[in-house]
Amino acid sequence: MHLHPSTLLLLAATAAAFSPSCSSSRRSALSVATDPTLVSSTPSLIPPSKIDASSVASLFEERVQKTYGRYPITFVEGKGCWLVDEEGTKYLDFVSGIATCALGHANPELTEAVSAQMTKLHHVSNLYYTPQQAKLAAWLCENSCADKAFFCNSGAESNEAAIKLARRHASNRGITDPVIITAEQSFHGRTLATVTATAQPKYHKGFTYGGEMVRGFRYTPYNDIDALKQLVEEINQTPKEDADAGRKRGLAAIMLEPLQGEGGIRPGTLEFFATARQLCDDNGALLICDEVQVGMGRSGTLWGHQQLNVQPDVFTSAKALGGGVPIGAMMARGAAANVFEPGDHASTYGGNPLACAAGLAVAEYFSEHDVLSNVQERGQQLSAGLEKIATRFPSVLGEVRGWGLLKGVVIKEDAGCTAAELVGDAMKERLLLVAAGPSVVRFVPPLIVNKDEVDEALVRFEKAIEKRVASSSS
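Residues numbered from 1 in each chain as written. Predicted model: local features only at pLDDT ≥ 70, side-chain atom pairs only at ≥ 80, totals over all residues. Heavy atoms only, no water.

(A) Geometry of the sheet that holds strand β13 (residues 397-403). Across the sheet, four strands lie side by side as β13-β14-β17-β16; this open sheet has antiparallel pairing. Strands with a single pairing partner mark the edges of an open sheet, and in this sheet they are β13 and β16 (434-435). Relative to strand β17 (residues 440-443), β16 runs antiparallel, the two being bridged by two bridges. Across the sheet, Ala435 pairs through a bridge with Val441, a residue of β17. (Pairing = 2+ DSSP bridges. Helix = DSSP H or I, 4+ residues; strand = E, 2+ residues; numbered from the N terminus.)

(B) Quick look at the environment of Gln307. Inspection of the secondary structure puts Gln307 in the loop between β10 (286-290) and β11 (314-317). The partly exposed category is assigned to Gln307, whose relative accessible area is 28%. Along the backbone, Gln307 and Trp403 are 96 residues apart, and their C-alpha atoms lie at a distance of 8.8 Å. Not counting residues up to four positions away in its chain, the partners in contact with Gln307 are Leu270, Ser299, Gly300, Thr301 and Trp403. At a separation of 3.0 Å, a polar atom in the side chain of Gln307 contacts the main-chain carbonyl oxygen of Ser299. (Buried < 20%, exposed > 50% of the residue type's maximum accessible area, 1.4 Å probe, protein only. Contact = heavy atoms within 4.5 Å. Polar contact = N/O pair within 3.5 Å; in protein donor to acceptor, adjacent residues only side chain to side chain.)

(C) Focus on the sheet that holds strand β12 (residues 328-332). Strand order in the open sheet formed by seven strands is β4-β12-β11-β10-β7-β5-β6, and the pairing between neighbours is mixed. Pairing within the sheet leaves two strands with one partner each, and these edge strands are β4 (148-152) and β6 (217-220). Along the sheet, successive strands turn relative to each other by an average axial angle of 25 degrees, direction set aside. Summarising the sheet, strand β5 (residues 177-183) and strand β7 (residues 249-256) pair through six bridges and their orientation is parallel. (Axes fitted to C-alpha atoms, helices over the stretch in contact; angles between N-to-C directions.)

(D) View of the side chain of Ser299. Mapped onto the secondary structure, Ser299 falls in the loop between β10 and β11. Looking at Ser299, the relative accessible area reads 3%, which means it is buried. A polar atom in the side chain of Ser299 sits 3.0 Å from the side chain of Thr301. Ignoring sequence-local partners within four residues, the contact set of Ser299 consists of Val294, Gly304, Gln307, Val375, Trp403 and Gly404.

(E) View of the pattern of salt bridges. With the rule as written, the count across this model stands at 19 salt bridges. A salt bridge links Glu62 to Arg63; the shortest N-O distance between them is 3.6 Å. Judged by relative accessible area, Glu62 falls into the exposed class, the value being 54%. What makes Arg63 exposed here is its relative accessible area of 67%. For Arg218, the salt bridge identified is with Glu234, shortest N-O distance 3.0 Å. (Salt bridge = Lys/Arg side-chain N within 4 Å of Asp/Glu carboxyl O.)

(F) Expanded view of the pairing of β6. Pairing of β5 with β6 involves four bridges; the strand directions are parallel. Within β6, the residue paired with Thr182 across the bridge is Tyr219.

(G) Looking closely at unusual backbone geometry. Positioned with a positive phi, Ala99 is a non-glycine residue whose angle comes to about 60 degrees. Relative to the elements of secondary structure, Ala99 occurs in helix α5 (residues 96-99). For Ala99, a relative accessible area of 1% gives the class buried. Non-glycine residue Gln185 carries a positive phi angle of around 70 degrees. Along the chain, Gln185 falls in the loop between β5 and α9 (192-197).

(H) Highlighting the packing of helix α7 (residues 131-142) against helix α13 (residues 353-368). Contact geometry for α7 and α13: axes closest at 8 Å, N-to-C directions at 40 degrees. The element α7 and its partner α13 pack so that their crossing is left-handed. Only Pro353, Cys356, Ala357, Gly359, Leu360 and Ala363 of α13 make contact with α7, whose side of the interface consists of Gln132, Gln133, Lys135, Leu136 and Trp139. Grouping the constituent residues of the contact of α7 with α13 by class yields seven nonpolar, three polar and one charged. (Left-handed = near helix turned anticlockwise from the far one by under 90°. Nonpolar A, V, L, I, M, F, W, Y, C, P; charged D, E, K, R; others polar.)

(I) View of the packing of helix α14 (residues 371-392) against helix α16 (residues 451-473). Across the interface, α14 lies against α16 with an axial gap of 10 Å and an inter-helix angle of 20 degrees. Here α14 lies roughly parallel to α16, going by the angle between them. Along this stretch, α14 crosses α16, giving a crossing that reads as right-handed. Between α14, through Arg378, Gln381, Leu382, Gly385, Leu386, Ile389 and Arg392, and α16, the contact on the second element is made entirely by Lys451, Val454, Asp455, Leu458, Phe461, Glu462 and Glu466. Of the residues that constitute the contact of α14 with α16, the class distribution is six nonpolar, two polar and six charged. (Parallel < 35°, antiparallel > 145°, perpendicular 65-115°, else oblique.)

(J) Structural view of helix α15 (residues 419-428). Where burial is concerned, most of α15 is hidden: seven out of the 10 residues are buried. Those residues of α15 not exposed but buried are Ala419, Leu422, Val423, Gly424, Asp425, Ala426 and Met427. Just downstream of α15, Arg430 is the residue with a positive phi angle, here 65 degrees.

(K) Highlighting the side chain of Asn107. Positionally, Asn107 belongs in the loop between α5 and α6 (108-118). Take Asn107: its relative accessible area is 6%, and that puts it in the buried class. A polar atom in the side chain of Asn107 sits 3.1 Å from the backbone nitrogen of Glu109. Among the polar contacts made by the side chain of Asn107, one reaches the main-chain amide nitrogen of Leu110 at a distance of 2.9 Å.

Right, here's the structure in full:
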């Protein structure tokens, strides 16, 4: 008689459990695992279909952790640049999931690609090859300065990967105390390392250890060349006590957004980025560009750093890369592309076939529909319209700035309202906008927005300003 291996294992475990040397606790554990009466007493699961979802807001209040301040609106459907709430009201979406839904909502090509992939293979371990990941990596590299890509699931994860790569690269050069420079008012993510890289103290509150965040980050004013040079010089001088202990401090990387999004839609300058590039070259460090929001076409070029005539060693992407399907990527060129070795970094879901099929669909759509030209044309139209409105309401609106379809209009200090309040006013006109800090209203529509929709957004925004001014003067 031949017994199945699992049967042999069970017999061995049973014999061991009832041997004289077996402890009572081990026998008890085995009896729990094999007692059918105990298994049958396990409560049955409550299926989602039995949960009362008549009040979505109430469910959120009761069951969802409050990491967001939400507007009192529930969306259930979308098409193109429009969203529909649970009452059937349509809204013009100039938020696009915060610069994420590049092709708008329910895009047929993206929908088809994701649906088709689900019928074949949606996930498999990165222990194996998958054609979708290989092809998307090739597309990213063929359309950038990068040589190789690493895939993950979000912008924070892609920036975390870049930070780890920079530290490993510095370690390979004998630096024990690597320092990464980021810019004040930056935003790089919510993980502990990326929120440390985010040089905004309000995001650090409550997450320090002994008053410190993750060590190895220093901050410099954005677009300030002299301050950046001075900081690099300081970093490259190892304190004597550390040097005596065999340590070496040095510049690992300069990590910058080509255009600061959450920091108020502030574009970098050519001179500042050229200086950052030169400082990295002179010190064997890496220039990292965070392209999570500005990348994938939103600036009018595929990558924001192309607006600045600079080539980074590493750059990151997420948001629009999957058109709303979660995916992130960290791209590197030259020596930086070969820093990681097996075991240095990984992601369970990173580069899965489903997410990469979405990324490939977005990439194909960009080419077939000349999306970059649309971004440039609609971006010019949006800027011109916002400047006209700002001229009409000079007491409320100030500078209009940004690239492509990542635009912001400054709310003046004495306007009597914040950016968030104006966003609320626009929502009453069925226009969705998002603040970029306390004093900038951000416009980030889907990249496929058309001329009529931009005109309609401008009409609705102007009406919101009109009502705000009228109510404040009455």
